[in-house]
Amino acid sequence: MGERWCAAVRVLVLQAAWALAGGQVRYSVPEEAKAGTVVGRLAQDLGLEAGEAEARRLRLVAQGRRASVEVSGASGALVVSSRLDREELCAKSAPCALRLEVLVERPLRVFHVELEVTDINDNAPIFPAARKNFSIAELTTLPGSRFPLEGASDADIGVNAQLSYTLSPSEHFSLDLQKSNDGNIEPELILTKSLDRETIPVHRLVLSASDGGRPSLTGTMELVISVLDTNDNAPQFNQSVYKVQLPESAAVGTLVTRVNATDADEGINSEMTYAVTNFNPPSGRDVISVNPNTGEIHITSALDFEEVSVLNFRIEARDRGTPPLSGHCKVVLEVVDVNDNAPEVRVTSLSVPVSEDASVGTVVALLSVSDRDSGANGRVRCWVWPASPFGLEATFAGSYSLVLREALDRERVSEYEVEVRAEDGGAPALRASRGLRVPVSDVNDNAPAFSQAVYTVLARENNAAGAELARLWARDPDEAGNGRVSYSVWEGGAAAVSSSSSGAGAGGWRPASSYVSVDAESGRVWALQPLDYEELQVLQFEVRAVDAGEPPLCGNATVQLFVLDENDNAPALLPAAGSAPEAGGAAGEAAAAAAAGLGSVSDTLWAWAAWGAPAGQVVAKIRAVDADSGYNAWLRYELWEPRAKGPFRVGLYSGEVSTARALDEADGPRHRLLIVVRDHGEPARSATATLSVSLVEAAEAALAAGSSSSSSSSSRAALGAEMGPGAASAATNVWLVVAICAVSSLFLLAVVLYGASRWAPRAAVLSGPGPTTLVCASEVGSWSYSQRHSRSLCVADGAAKSDLMVFSPNFPPPPPGPAPKDTQPESSALLDTVSGPSFAHLSLFSPPSVPSAV
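Residues numbered from 1 in each chain as written. Predicted model: local features only at pLDDT ≥ 70, side-chain atom pairs only at ≥ 80, totals over all residues. Heavy atoms only, no water.

Asker: Let's hear about the overall build of the chain: which residues, and what values?
Answerer: For the chain, the helix and strand inventory stands at seven helices and 50 strands. The 854 residues of the chain split such that 40% are buried. The long-range fraction of contacts in the chain, counting pairs at least 24 apart against all pairs at least 6 apart in sequence, stands at 69%. Carbon and sulfur atoms make up 54% of the accessible area of the chain, which totals about 43300 Å². (Helix = DSSP H or I, 4+ residues; strand = E, 2+ residues; numbered from the N terminus. Buried < 20%, exposed > 50% of the residue type's maximum accessible area, 1.4 Å probe, protein only. Contact = heavy atoms within 4.5 Å. Areas by Shrake-Rupley, 256 points an atom, 1.4 Å probe, with all protein chains shown as cover.)

Asker: So what's going on with the packing of aromatic side chains? Residues and values would help.
Answerer: This structure, assessed with the given rule, holds nine aromatic pairs. Consider the rings of Phe134 and Phe147, whose centres lie 6.4 Å apart with planes at 65°: the pair is edge-to-face. Of the two residues, Phe134 sits in strand β8 (residues 131-137) while Phe147 sits in strand β9 (residues 146-148), which places them 13 residues apart along the sequence. Both residues of the pair, Phe134 and Phe147, count as buried. Geometrically, the ring pair formed by Phe390 and Tyr416 is edge-to-face, given 5.5 Å between the ring centres and 85° between the ring planes. Of this pair, Phe390 sits in strand β28 (residues 390-396) while Tyr416 sits in strand β30 (residues 415-424); the two residues are 26 residues apart in sequence, bridging distant segments of the chain. (Phe/Tyr/Trp six-rings, centres within 6.5 Å; stacked < 30°, edge-to-face > 60°.)

Asker: Now, about the sheet that holds strand β16 (residues 241-247): what can you tell me, with residues and values included?
Answerer: Strand order across the open sheet formed by four strands is β16-β23-β22-β19, with mixed pairing between neighbours. Two strands lie at the open edges of the sheet, namely β16 and β19 (272-280), each paired on one side alone. Direction aside, neighbouring strands of the sheet carry axes that sit 25° apart on average. When β16 meets strand β23 (residues 326-336), the two strands line up parallel, connected through seven bridges. Bridge pairing links Val241 to Lys330 in β23. (Pairing = 2+ DSSP bridges. Axes fitted to C-alpha atoms, helices over the stretch in contact; angles between N-to-C directions.)

Asker: Give a description of the sheet that holds β28 that names residues and reports values.
Answerer: The sheet built from four strands is open, its strands ordered β24-β26-β29-β28 with antiparallel pairing. Since the sheet does not close on itself, it has two edges, and those belong to β24 (344-350) and β28, each with one partner. Direction aside, neighbouring strands of the sheet carry axes that sit 30° apart on average. Bridging between β28 and strand β29 (residues 399-404) involves six bridges; their strand directions are antiparallel.

Asker: Now, about the pairing of strand β39 (residues 524-527): what can you tell me, with residues and values included?
Answerer: Here β39 shows a clear split, with Val525 and Ala527 buried on one side and none of Arg524 and Trp526 buried on the other. Relative to β39, strand β38 (residues 516-518) is paired through three bridges, and the arrangement is antiparallel. Following the sheet pairing, Val516 is matched in β39 by Ala527. Between the end of β38 and the start of β39, which pair antiparallel, lie five residues, with Gly523 showing a positive phi angle near 80°.

Asker: Break down the environment of Gly612 for me, with residues and values.
Answerer: Looking at the element boundaries, Gly612 is found in the loop between β43 (600-610) and β44 (618-621). For Gly612 and Glu697, which are 85 residues apart along the polypeptide, the C-alpha to C-alpha distance reads 8.7 Å.

Asker: Can you break down the environment of Asp409 residue by residue, with the values?
Answerer: Considering the arrangement of structural elements, one finds Asp409 in the loop between β29 and β30. We classify Asp409 as partly exposed; its relative accessible area is 31%. Distance in space between the C-alpha atoms of Asp409 and Ser355 is 9.2 Å, their sequence separation being 54 residues. Among residues more than four places away in sequence, those in contact with Asp409 are Glu356 and Asp445. A polar side-chain atom of Asp409 sits 3.2 Å from the main-chain amide nitrogen of Glu411. (Polar contact = N/O pair within 3.5 Å; in protein donor to acceptor, adjacent residues only side chain to side chain.)

Asker: Help me get a handle on the pattern of salt bridges, residues and values and all.
Answerer: Two side chains carrying opposite charge are able to pair once their charged atoms lie near each other. Considering all chains together, one arrives at 29 salt bridges under this definition. When the shortest N-O distance is used, the salt bridge between Glu344 and Arg346 registers 3.4 Å. Given the relative accessible area of 38%, Glu344 is considered partly exposed. In this structure, the salt-bridge partner of Arg460 is Glu566, at a minimum N-O distance of 3.0 Å. Here Arg460 is found in strand β33 (residues 454-460), whereas its partner Glu566 is found in the loop between β41 (554-564) and β42 (572-573), with 106 residues between them in sequence. (Salt bridge = Lys/Arg side-chain N within 4 Å of Asp/Glu carboxyl O.)

Asker: Give a detailed account of unusual backbone geometry, specifying residues and quantitative values.
Answerer: A cis amide bond links Arg214 with the next residue in sequence, Pro215, at an omega value of 5°. Along the chain, the position of Pro215 falls in the loop between β13 (202-210) and β14 (218-228). The omega torsion of the bond from Glu550 to Pro551 falls at -5°, within 30 degrees of zero and hence cis. If you trace the backbone, Pro551 turns up in the loop between β40 (538-547) and β41. In the Ramachandran plot, Asn278 falls in the positive-phi region, its phi being about 55° despite a non-glycine side chain. Take Asn278: it is sitting in strand β19.

Asker: Explain the side chain of Asp176 to me, and be specific about the residues and the numbers.
Answerer: Counting through the fold element by element, Asp176 comes out in strand β11 (residues 173-179). A distance of 2.7 Å separates polar atoms of two side chains, one belonging to Asp176 and the other to Gln178.

Written out as structure tokens, the structure is:
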């Protein structure tokens, strides 16, 4: 190999010397030479001295096409700079010469250099396609037939591009090479033996092309020869006889069997269709069908063993070739007898709806049951499902009656879905059923019922006439008119209290219908008139609900209406005892107080105080009462005039007028006090009292106290002014102690009676209504809290108050009339209890703690 390169270099040197002698430098280099390969010593061949090439800037001048060579600056040699590909530079041109211009400076000269790129065998033959497909018909294509092939090409030139062809071995094909006019070799494929697609459907050959280079390079192309089919094979079944058994209960569309025929041909020649021929018996044409594409045999109508037990027919398979070929097979279908007839249930008569009061044994429907089978398959048993008030009774063969076996209740079940089931004795057993809808008609057997036996209603007094107080609702589970409910006030009432009576005087029994009414359709309770707590605290009555059935049924509910107190009464002052001197001046002051919005006014009250009375001595006491209850009746006392700080003051809750300091002569002989009495209602109401206090000597004061003590004992129940610096104060304290002891005793007595009413037997206790009365409270204030069954209790001077009461909200009052002879009068009764579901309630209203002078 080294000798060959040396010879090539000698040739190049000689060529360069020759070119230099002729004025042009010529070099030759093989393609694919490596980068850095020295092509020639250009500087030396151009006559330049060593080092002069770099000094004179020896270089190549680009001429538009990449030369792939360059001049080394240090040595001045022409070297390969990039890949040289002769086929890329010159294609098929020969020789492949590159013309270069070399430039040097100082002086500037241009040299022409010719570089020849020689060919090496670096390209293998290439076919136009890696695979060539042929289609040749079997049998019809005769041996000797020629099929031209497209030859390969080689990018090299010369001997490197001279090609030779070879074919892979085959008994059916050979290769023939023909030389064209341009000298190229053209290969041809020759058929040497007839083709059979069923034997070999596809032939695969390899055509190889080799060039003349050393070493030789080769290219290949695969020849794929598909053998085209001709219709030379008839369809063949895999069985000549198909035997199948099917039960007669097989459903329409059931697959009997699937016949399968094959055809060795392909394409349309192997596509086949199936058809049924030669039925025995002929009626089988209506029972059997075959899918022409898949060969599946299906039942098109029901099989009946009693009519046809065996079916014989033939299946023909025909291909679609030209001419078409066909094959045949036989199918034997045996029908197996089964219990294929289910019982039949028919309703011959139906009597609905059934009244819910129908008697047991009533016939609701008549049914007929049959089975087309015979023997055990035709014996049928029947029953009713699900369990219901109905049952079956057999009348004669195949006939049944649906009868009522239990009482009906429409409110529990308004309609029945009854299913009559039948089952034969076959194996397996077949069943049939028939559904019946049996509605139940209504009768008026349910009375209206309220959701509560007792309704408690709270209503404020002074309500507007026609205001809705409550809404009642009674449920009647019947339907239509039997369930349509109307409402009315049935009975009840209250003992009205006369507002003009100062005590507990009864105003007479008044029925509930004078106070309230009930809307007949909606059950709304309306007020017929404004309610007055001071007249009526509790109203108890019954509301009756009646349906529209025949006969009508009714239900009752008790309504307890509790009237809630409103602050609609101003405090009242009792008129003063005795005469009222200088009433004219007091009247003017009272009118001014009324104009100032201080409520009602009273006459002037008189009192005497001694000169030198110490601070805290009670001069007088203002007494007032309020007809309301609770906080609305809780009174307080305020000194309205004089506004400035004076010698007197008023107890906030006691109403006692006492000295704020010791009295002296500088205070003047007479003082007028304007005192306002207010309740705690919303809004608050008030009354005013004018008190005239005269300052006298101690002896005169004692004489005035002695003269007034006789009159005060007879008017102790009235509200007024009390005087007395000495004896009067002591008498007042005594009465206060008595009042406190009385209240405590009553409280203990009430607790004992309350406990006795809780644990005492209820059946032996009597009850009865009583008029509402007032019970007075202690001197620290006035209170009233009233419920039904109130009683009077007085513990101090003044009007009575209902602080202690017992009520029975669940117990209806008896009708008005005289009290039983064996009971005590109501005026002497201290407490009232009730029996049954009633309960005793003790209420003791306690105001906030207030100071009291004892």
